[in-house]
Amino acid sequence: MYLLFEVYLGLRVVSSSSFPGVYPACSMGNGTSRLYSALAKTLNSSAASQHPEYLVSPDPEHLEPIDPKELLEECRAVLHTRPPRFQRDFVDLRTDCPSSHPPIRVMQWNILAQALGEGKDNFVQCPVEALKWEERKCLILEEILAYQPDILCLQEVDHYFDTFQPLLSRLGYQGTFFPKPWSPCLDVEHNNGPDGCALFFLQNRFKLVNSANIRLTAMTLKTNQVAIAQTLECKESGRQFCIAVTHLKARTGWERFRSAQGCDLLQNLQNITQGAKIPLIVCGDFNAEPTEEVYKHFASSSLNLNSAYKLLSADGQSEPPYTTWKIRTSGECRHTLDYIWYSKHALSVKSALDLLTEEQIGPNRLPSFNYPSDHLSLVCDFSFNEEPDGLL
């Protein structure tokens, strides 16, 4: 079945990895899927028809660069009947370590697969109108455009080929998509294909050195969860680092399964970073609270990782109280599941985007007319330490 999805998506292998247990990468940087034209859907909202230039899927053979400010204006035109987006501020976390190069801004976000939001997740307090893709995708794009990340790590992407790849490539990003082998999106009528992880980086800032798609295993069994790991080189400094994105198994009762997936990912990253010689940033929806074993594995790994959002706490040791907050038929769910891990001796966190307050989120929780996903985006500015310690 996994092979069928490779055929279905028309993925073109452009580089491969020599690391054991790591799948070749399928990059969609300057090319497009052979099935792009079949997958692409255009907007049909009245607001979009008045501003068709960027938000309607373009001819894949003629993807001209676009101005992010103009795209943002188009998004806001589509969203003119909705409340304004929430204000979130960056918290300055600068240490005494100066850097001669611009920081690297990384965004982590589970954007909520459209098929799951409309067909499976049962957000009982979220109006159906708030989930309309024609408008919700503009909220997602608005969030990305507002923070202008250098690297974008996304989960639950089921509109890669018709929305995110063509638009973000025109903004200067190179993207890679790796779908789940058995995506639950395919169980939903009128789905847009499988969801998966996507990783984008700005081509004017980074050069791709190596890329690997990883299908995670648990207790030697191949699972439905995936990761992408890429080694990038900063064009300004020549420094290399590895960026990875993942989405682990959801649901209570699967803690040991998640733990095994996390161990498999750590082993792959150990190989890719050459035993922690290459600095590492790992973004993901781990579907695990800080009390779970998988979190403890990452916190105690020989890769010497720290969780960036702990630095927002008073003691610098506590995770945020929540990164997702929703109401389903089973009740209200408020959890910390999303993380940005980084090599604590090689990298410093200069700033981090604060979370939405309970008042901003509102009594009906997420998603909503104000916010497009049930998970909050996490955004951090990183810089290399000038003289990293012996081990990363």
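Heads up: the structure comes first, above all this text.
What counts as what
Residues numbered from 1 in each chain as written. Predicted model: local features only at pLDDT ≥ 70, side-chain atom pairs only at ≥ 80, totals over all residues. Heavy atoms only, no water. Helix = DSSP H or I, 4+ residues; strand = E, 2+ residues; numbered from the N terminus. Buried < 20%, exposed > 50% of the residue type's maximum accessible area, 1.4 Å probe, protein only. Contact = heavy atoms within 4.5 Å. Areas by Shrake-Rupley, 256 points an atom, 1.4 Å probe, with all protein chains shown as cover. Disulfide = S-S within 2.5 Å. Pairing = 2+ DSSP bridges. Axes fitted to C-alpha atoms, helices over the stretch in contact; angles between N-to-C directions. Core = buried A, V, L, I, M, F, W, Y, C linked by side-chain atoms within 4.5 Å. 1 Å grid on protein atoms, 1.4 Å probe; cavity = no way out; pocket = protein on both sides within 12 Å on 5 of 7 lines; lining within 4 Å. Points joined across faces, edges and corners; volume = space filled by probe spheres on them. Nonpolar A, V, L, I, M, F, W, Y, C, P; charged D, E, K, R; others polar. Right-handed = clockwise from strand over helix to strand, strands pointing away. Left-handed = near helix turned anticlockwise from the far one by under 90°.

**Student:** Can you break down the overall build of the protein residue by residue, with the values?
**Tutor:** A count of helices and strands for the protein gives 11 helices and 16 strands. Burial status across the protein gives 60% buried among its 392 residues. Here the analysis covers contacts within the protein between residues at least 6 apart in sequence; of these, 78% occur between residues at least 24 apart. Element-wise, carbon and sulfur atoms account for 50% of the exposed surface of the protein, whose accessible area totals about 16,200 Å².

**Student:** Any chance you could break down the state of the cysteines for me, citing the residues and the numbers?
**Tutor:** In total, this model carries 0 disulfides according to the counting rule given. Left unpaired, Cys-138 is separated from the closest cysteine sulfur, that of Cys-75, by 4.3 Å. When its relative accessible area of 0% is taken as the criterion, Cys-138 is described as buried.

**Student:** Before we move on, can you summarise the sheet that holds strand S2 (residues 90–92) with the specific residues and values?
**Tutor:** One open sheet holds the 7 strands; their spatial order is S2-S15-S16-S3-S4-S6-S5, and the pairing between them is mixed. At either margin of the open sheet sits one strand with a lone partner, and together these are S2 and strand S5 (173–179). On average, each strand axis in the sheet is tilted by 25° relative to the strand beside it, whichever way the strands run. As paired elements, strand S15 (residues 347–353) and strand S16 (residues 378–384) share 5 bridges and run antiparallel to each other. Bridge pairing links Val-349 to Phe-382 in S16. Along the sheet, helix H8 (residues 160–170) contacts strand S4 (151–157), S5 and strand S6 (196–202); its crossing angle with S5, the most-contacted strand, is approximately 160°.

**Student:** Please give an account of the nonpolar core that cites residues and values.
**Tutor:** Counting residues in each nonpolar core, the largest one holds 73 residues, and the members touching the most others are Ile-151, Phe-241, Ile-243, Ile-281 and Phe-382. If we skip the residues at most four places from it in the chain, Phe-241 touches Ile-104, Ile-151, Phe-206, Gln-230, Thr-231, Leu-232, Cys-234, Ile-278, Pro-279, Ile-281 and Phe-384. Grouped together as the second largest cluster of nonpolar side chains are 25 residues, Ile-214, Ala-227, Ala-229 and Leu-248 included.

**Student:** Report on the layout of surface pockets, specifying residues and quantitative values.
**Tutor:** Once rolled over the atoms, a probe with the size of a water molecule shows which space is left empty. Taken as a whole, the largest pocket encloses approximately 880 Å³ of empty space. Elements that contribute at least two residues to the lining of the largest pocket include exactly strand S8 (221–234), helix H9 (255–272), strand S12 (324–328) and strand S13 (331–335). Across the lining of the largest pocket, the residue classes tally to 11 nonpolar, 12 polar and 15 charged.

**Student:** Which residues make up the pairing of strand S9 (residues 240–247), and what values do they have?
**Tutor:** Among the 8 residues of S9, 7 are classified as buried, and the element is accordingly described as predominantly covered. Of the strand pairs in this sheet, S8 and S9 are connected by 7 bridges, and their pairing is antiparallel. Counterpart to Gln-230 in the pairing with S9 is Ile-243. Between the end of S8 and the start of S9, which pair antiparallel, lie 5 residues, with Gly-238 showing a positive phi angle near 80°. Assessed by its sense of winding, the connection that carries the chain from S9 through H9 to strand S10 (residues 280–285) is right-handed.

**Student:** Go over the packing of helix H7 (residues 133–147) against H8, please, and point to the residues and values.
**Tutor:** Between H7 and H8, the shortest axis-to-axis distance is 12 Å and the interhelical angle comes to 40°. Our pair here, H7 against H8, has a crossing hand that is right-handed. Mapping the contact onto sequence places Trp-133, Lys-137, Ile-140, Leu-141 and Ile-144 in H7 and Thr-163, Phe-164, Leu-167 and Leu-168 in H8. Here the contact of H7 with H8 is built from residues that sort into 7 nonpolar, 1 polar and 1 charged.

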